[in-house]
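# A look at the structure
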Amino acid sequence: MPDTTPFRRILLKLSGEALAAPDGYWLHPPTLAGLAEDIARTIEAGAEIAIVVGGGNMIRGARISAAGWIDRATGDSLGMMATVMNSLAIETALNAAGVQARTMSAVSMPTICETYARQPALHHLDKGQVVVLAGGTGNPFFTTDTAAVLRAAELRCDAVLKATQVDGVYSADPKKDPSATRYDRITHDEAIARDLKVMDTAAFALARESKLSILVGSLHPPSSIAAILSGEAPSTLVAP
């Protein structure tokens, strides 16, 4: 990663679905191993990384509450616990790849992992460790996208890197609409006004208020975290 990149400390936002196996099982070890190796190479190039992962490979609070058999707050609590399981799996994969990592959860689980607090998290990042931030914001009704932007602002990150299934932000779903336009750069205001679904409105609004840049790209080969940060792989920059 060349020294010219403006982004050094990165909050990597991963979807839970990105960790799932092709047969539908909630975790795919080869995917975890490949992700850990990608992160290791990016750290060797000089980056500092925190991670927020969703829990959609196991459960989505909004979806199950919409079915009517459970209330939204309880459903979101189940989703937060799913993110803790995913985070512990990522921590294990990173450690196996030789990267020092620790999980910190906004939902206190002291017998399983460290409880999130800002100053200790900053200390871990300053020491070169990867911090895997579990439990979302610790509150229902907030997505892990919002949690990612919140933690990035708290931890003095230069940008949020949102890893998706496509190589940037499009005017519509490119898998459904072949005429969808891809944006190289867009502002937070434009993303909100056009109701672009790559992140929820609350996340974009918080990023705008915090003057925090968001990079949107795909981590599917031949792309990678380092390649996106250096501009070698395509991505969309959402910035003021």
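Check the entry above for the structure.
A few points on the structure. These figures come from a predicted structure and were not determined experimentally.

### Observations regarding the overall build of the protein chain
The number of helices and strands found in the protein chain is eight helices and 11 strands. Relative to the globule expectation of 18 Å for 240 residues, the C-alpha radius of gyration of the protein chain, 17 Å, shows essentially globular dimensions. Its C-alpha atoms give the protein chain principal-axis dimensions of about 45 × 45 × 40 Å. Of all intrachain contacts in the protein chain linking residues separated by at least 6 positions in sequence, the fraction that spans at least 24 positions is 69%. Of the roughly 11000 Å² of accessible surface on the protein chain, 54% is carried by carbon and sulfur atoms.

### Side note on the pairing of strand β3 (residues 101–105)
Every regular strand shows the same layout, with side chains that alternate between the two sheet faces. Counting buried positions along β3 gives four out of five residues, so the element sits mostly inside the fold. Summarising the sheet, β3 and strand β5 (residues 130–134) pair through five bridges and their orientation is parallel. When the bridges of β5 are listed, T103 appears paired with V132. Of the strand pairs in this sheet, β3 and strand β4 (residues 114–115) are connected by two bridges, and their pairing is parallel. Within β4, the position partnered with M104 by the bridge is E114.

### Considering helix α1 (residues 29–44)
For α1, which comprises 16 residues, the first-to-last C-alpha distance of 23 Å matches the rise-based estimate of 22 Å (1.5 Å per residue) to within 8%. For α1, the complete set of buried residues consists of L32, L35, A36, D38, I39, A40 and T42. In this structure, the buried side of α1 is in contact with β1 (9–14), β2 (48–53), α3 (72–96), β5 and α8 (225–230). Looking at the residues trailing α1, positive phi occurs at G46, about 115 degrees.

### Regarding unusual backbone geometry
A positive phi angle is found at D195, which is not glycine, with a value near 55 degrees. Inspection of the secondary structure puts D195 in the loop between α6 (188–193) and α7 (201–210).

### Looking at the packing of helix α5 (residues 144–154) against α7
Running from N to C, α5 and α7 point in directions that differ by 15 degrees, and their axes come no closer than 8 Å. Of the possible angle classes, the one that applies to α5 and α7 is roughly parallel. Here α5 runs over α7; the crossing is left-handed. Contacts from D145, T146, V149, L150 and A153 in α5 reach A202, A203, L206, A207 and S210 in α7. Residues of the contact of α5 with α7, tallied by class, amount to seven nonpolar, two polar and one charged.

### Some thoughts on the sheet that holds β2
Judged by pairing direction, the sheet is mixed, and its nine strands sit side by side in the order β4-β3-β5-β2-β1-β6-β10-β11-β9 without closing on themselves. At either end of the open sheet lies a strand with only one pairing partner, and these are β4 and β9 (185–186). In terms of strand pairing, strand β6 (residues 159–164) meets strand β10 (residues 213–218) through six bridges, oriented parallel. Bridge assignment links T164 to a residue of β10, and that residue is S218. Lying on the sheet, helix α4 (residues 118–126) is in contact with β1, β2, β3, β4 and β5; it crosses β3 at an angle near 165 degrees.

### Here we look at the side chain of S87
Relative to the helices and strands, S87 resides in helix α3. Setting aside its immediate chain neighbours within four residues, S87 contacts V53, T103, V132, L133 and A134.

### Considerations on the pattern of salt bridges
Applying the stated criterion to the full structure yields 13 salt bridges. A salt bridge links D184 to R182; the nearest nitrogen and oxygen atoms lie 2.6 Å apart. Judged by its relative accessible area of 56%, D184 falls in the exposed class. Accessibility expressed as a relative area gives 25% for R182, which makes it partly exposed. R208 serves as the salt-bridge partner of D189, at 2.6 Å between the closest nitrogen and oxygen. Pair noted here: D189 is in helix α6 and R208 is in helix α7, with a separation of 19 residues, a long-range link. Among the residues examined, D189 registers a relative accessible area of 45% and is labelled partly exposed. Here the salt bridges do not stand alone but share partners, grouping R9, E48 and D126 into one network.

Cut-off values and rules
- Residues numbered from 1 in each chain as written.
- Predicted model: local features only at pLDDT ≥ 70, side-chain atom pairs only at ≥ 80, totals over all residues.
- Heavy atoms only, no water.
- Helix = DSSP H or I, 4+ residues; strand = E, 2+ residues; numbered from the N terminus.
- Rg over C-alpha atoms; globule rule 2.2 N^0.38 Å.
- Contact = heavy atoms within 4.5 Å.
- Areas by Shrake-Rupley, 256 points an atom, 1.4 Å probe, with all protein chains shown as cover.
- Buried < 20%, exposed > 50% of the residue type's maximum accessible area, 1.4 Å probe, protein only.
- Pairing = 2+ DSSP bridges.
- Expected span 1.5 Å × (residues − 1).
- Axes fitted to C-alpha atoms, helices over the stretch in contact; angles between N-to-C directions.
- Parallel < 35°, antiparallel > 145°, perpendicular 65-115°, else oblique.
- Left-handed = near helix turned anticlockwise from the far one by under 90°.
- Nonpolar A, V, L, I, M, F, W, Y, C, P; charged D, E, K, R; others polar.
- Salt bridge = Lys/Arg side-chain N within 4 Å of Asp/Glu carboxyl O.

From the geometry alone we can't say anything about function, so treat these as descriptive.
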